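Structural overview for review
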Amino acid sequence: MLHMAWFVGQGYSVHGWQAPWSGRIDLEWMRPDIYLDLARALDRAGFDYIMLEDGLLMPDSYGGTPEWFLKNAWMVPKADPMALVPLIGQATTRIGIVATMTTSFTPPFTAARLGATLDHLTDGRFGFNIVTAHNERSAQNFGLDEHYEHDLRYEMADEWMDVVDALWSSWEDGAIVADADGGTFADVTKVHPIDHAGRFYKCRGPLNVAPGPQRRPVICQAGGSPAGRGFASRHADTILARYRDADAAKAFRDDIRARMAAHGRDPDDCKILYLMTATLAETDDLARARFAHQGEEVAANFEHKLAFMSYASGKDFSKLDLDAPLPEIRTNAAQASTKALTAGSGKTLREIASENASGGFDFVGSPDTVAAQMEETARAIGGDGFLISNPLTRHAVAEVADGLAPALARRGLLPAAMPARTLRQRLRAF
Ligand SMILES: Cc1cc2nc3c(=O)[nH]c(=O)nc-3n(C[C@H](O)[C@H](O)[C@H](O)COP(=O)(O)O)c2cc1C
């Protein structure tokens, strides 16, 4: 069986406002409806979770000004996805809701309190996607001139996670007695300060809210550099990874599982989901024609890909020679994503940017064909599932929830009934 999630890759923003089938997202982007429709459809379809991306900056790495990003409504405007979580929770009954939290600019106490609150409000279906925030501009919004160095960010994140975990453990099981007759709500002997004083953080505790149904909300992670893998293998319940071939994806999985075992963790306790797109149609020929048509559009709008590369790497791709082979890009920003987006040794920047490729697996065909391709790919990798990163429109959601998901279910790749109550139980059910 597969674990399935949907990547809301632009976060709480304006999704594909000029694309066909995007409705009136240009006027309605700030309303929660598109997310509620997505969540209800995926809940019905048997998906494990929705992942809401986030960032804390006005991007300007492409061309050195925010102009391109504002003009195209790409990665901006961006509202806080945490506010969507309880709304989605209210509209659904089973699906998990994961929203992005940065370790670099959020005090551990604030994050632990928010995580516990949202876990209560969703009845144990909440998760944090933990990022160190890769963009220099984010750092400048929080009092720094330059961002912390890449690997140092992960050292900070490690300690940050330990503090947050300690806060979530600061109430023992049974601390809430709720004994109205005896006159005691909570038992003071079961609630403890954490008294953390470390290299980067100091926090007394205890948390002033009891932990939610999962105690520790699900921890998701998506950094693929060696330091990112180190962090993920210590803390994550689920990892998002972007690879375009099964051998590289398998090598990543093997590496994470070995690292987890070295930390004394059961490798099956973390589910790795690989980013994919699905170009679907009634027949394989129609789907291929659609993919070819998309390819023409990508090539005609290759500037979009250049802006994405600039966003992930912090380097200004508008300044590079389009017709020279692309040199290796080194960055203090998102290393694994930059590598995936700029892959293509010997090709020119124009060729790479014109390629209709998400950097993950791009499956094309009828729902049954794509389901078969997914099964074969997951088998070659060894597990555990996929993260759909199709553009967010209701049309695309229906194709996946009502076309692809039933095809997966027919092959026995999605559970017939909800396997568990909380998101963590669900991820560990198989
Ligand atoms: C599927 C996926 C989703 C991601 N979502 C976010 C996000 O919401 N916010 C963010 O700042 N970075 C996001 N990233 C970037 C990574 O979380 C990570 O911060 C970045 O890749 C830097 O880590 P690395 O250098 O270890 O790869 C995402 C990456 C992937 C592959």
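What this report covers is the structure whose coordinates are included nearby. (Residues numbered from 1 in each chain as written. Predicted model: local features only at pLDDT ≥ 70, side-chain atom pairs only at ≥ 80, totals over all residues. Heavy atoms only, no water.)

**Looking at the pattern of salt bridges**
Under the definition given, this model contains 34 salt bridges. Notably, a salt bridge pairs Glu155 with Arg199, separated by 2.8 Å at the nearest N-O pair. Here Glu155, found in helix 7 (residues 150-168), pairs with Arg199, found in the loop between strand 7 (196-197) and strand 8 (202-203); they are 44 residues apart in sequence, far enough to count as distant. With a shortest N-O distance of 2.9 Å, Arg253 and Asp384 are connected by a salt bridge. Taken together, the residues Arg253 in helix 9 (residues 246-262) and Asp384 in the loop between helix 14 (367-381) and strand 13 (385-388) connect sequence positions 131 residues apart. (Salt bridge = Lys/Arg side-chain N within 4 Å of Asp/Glu carboxyl O. Helix = DSSP H or I, 4+ residues; strand = E, 2+ residues; numbered from the N terminus.)

**Brief notes about unusual backbone geometry**
Excluding glycine, most residues fall at negative phi; most peptide bonds, likewise, are trans. The linkage connecting Gly205 with the following residue, Pro206, adopts the cis geometry, with an omega of -5 degrees. Mapped onto the secondary structure, Pro206 falls in the loop between strand 8 and strand 9 (218-221). Looking along the chain, the bond that leaves Gly383 and enters Asp384 is cis, with omega of -15 degrees. In this structure, Ala73 is a non-glycine residue whose phi angle is positive, near 50 degrees. Structurally, the position occupied by Ala73 is in the loop between helix 3 (67-72) and helix 4 (84-91). The phi angle at Met75 is positive, at roughly 65 degrees, despite the residue not being glycine. Inspection of the secondary structure puts Met75 in the loop between helix 3 and helix 4.

**As for the pairing of strand 11 (residues 271-280)**
In terms of residue burial, strand 11 counts as a mostly covered element, since ten of its ten residues are buried. Side chains Lys271, Leu273, Leu275, Thr277 and Thr279 project from strand 11 onto one buried face, and the interleaved Ile272, Tyr274, Met276, Ala278 and Leu280 project onto a second face that is buried too. With four bridges connecting them, strand 11 and strand 13 associate as parallel partners. Across the sheet, Tyr274 pairs through a bridge with Phe386, a residue of strand 13. Examined bridge by bridge, strand 11 and strand 12 (residues 361-365) share five bridges and lie parallel to one another. For Ala278, the partnering residue across the bridge sits in strand 12 and is Phe363. (Buried < 20%, exposed > 50% of the residue type's maximum accessible area, 1.4 Å probe, protein only. Pairing = 2+ DSSP bridges.)

**So, the packing of helix 8 (residues 226-235) against helix 9**
Direction vectors running N to C along helix 8 and helix 9 enclose 50 degrees, while the axes themselves pass 9 Å from each other. As summarised for this structure, helix 8 and helix 9 are arranged oblique, according to the angle between their axes. Helix 8 and helix 9 meet at a crossing whose hand is right-handed. For the pair formed by helix 8 and helix 9, the contact residues are Pro226, Arg229, Gly230 and Ser233 on the first element and Phe252, Asp255, Ile256, Arg259 and Met260 on the second. (Axes fitted to C-alpha atoms, helices over the stretch in contact; angles between N-to-C directions. Parallel < 35°, antiparallel > 145°, perpendicular 65-115°, else oblique. Left-handed = near helix turned anticlockwise from the far one by under 90°. Contact = heavy atoms within 4.5 Å.)

**A closer look at the environment of Leu207**
Along the polypeptide, Leu207 turns up in the loop between strand 8 and strand 9. Given the relative accessible area of 1%, Leu207 is considered buried. Taking the C-alpha atoms as reference points, Leu207 and Ile176, separated by 31 residues in sequence, lie 14 Å from one another. Once you skip the residues sitting within four places of it in the chain, Leu207 turns out to touch Phe109, Ala112, Arg113, Ala116, Leu167, Trp168, Ser170 and Trp171.

**Concerning the site of the ligand**
Around the ligand, the structure places 23 residues, and the nearest of them are Asp54, His150, Tyr154, Ser225 and Gln335. At 2.8 Å from an oxygen atom of the ligand is found a side-chain nitrogen or oxygen belonging to Tyr154. Here an oxygen atom of the ligand sits 3.0 Å away from a polar atom, N or O, in the main chain of Gly224. Computed on the free molecule, the ligand has an accessible area of 610 Å², of which 95% lies beneath the protein chains in the complex. Among the secondary structure elements, those contributing two or more residues to the shell around the ligand are strand 4 (126-131), helix 7 and helix 12 (335-341). (Near = heavy atom within 4 Å. Polar contact = N/O pair within 3.5 Å; in protein donor to acceptor, adjacent residues only side chain to side chain. Areas by Shrake-Rupley, 256 points an atom, 1.4 Å probe, with all protein chains shown as cover.)

**Remarks on the packing of helix 2 (residues 33-45) against helix 4**
Running from amino to carboxyl end, helix 2 crosses helix 4 at an angle of 45 degrees, the nearest separation of the two axes being 9 Å. If you check the angle between helix 2 and helix 4, you find them oblique. Helix 2 and helix 4 meet at a crossing whose hand is right-handed. In contact with Tyr35, Leu36, Ala39 and Arg40 of helix 2, helix 4 contributes Leu84, Leu87, Ile88 and Ala91.

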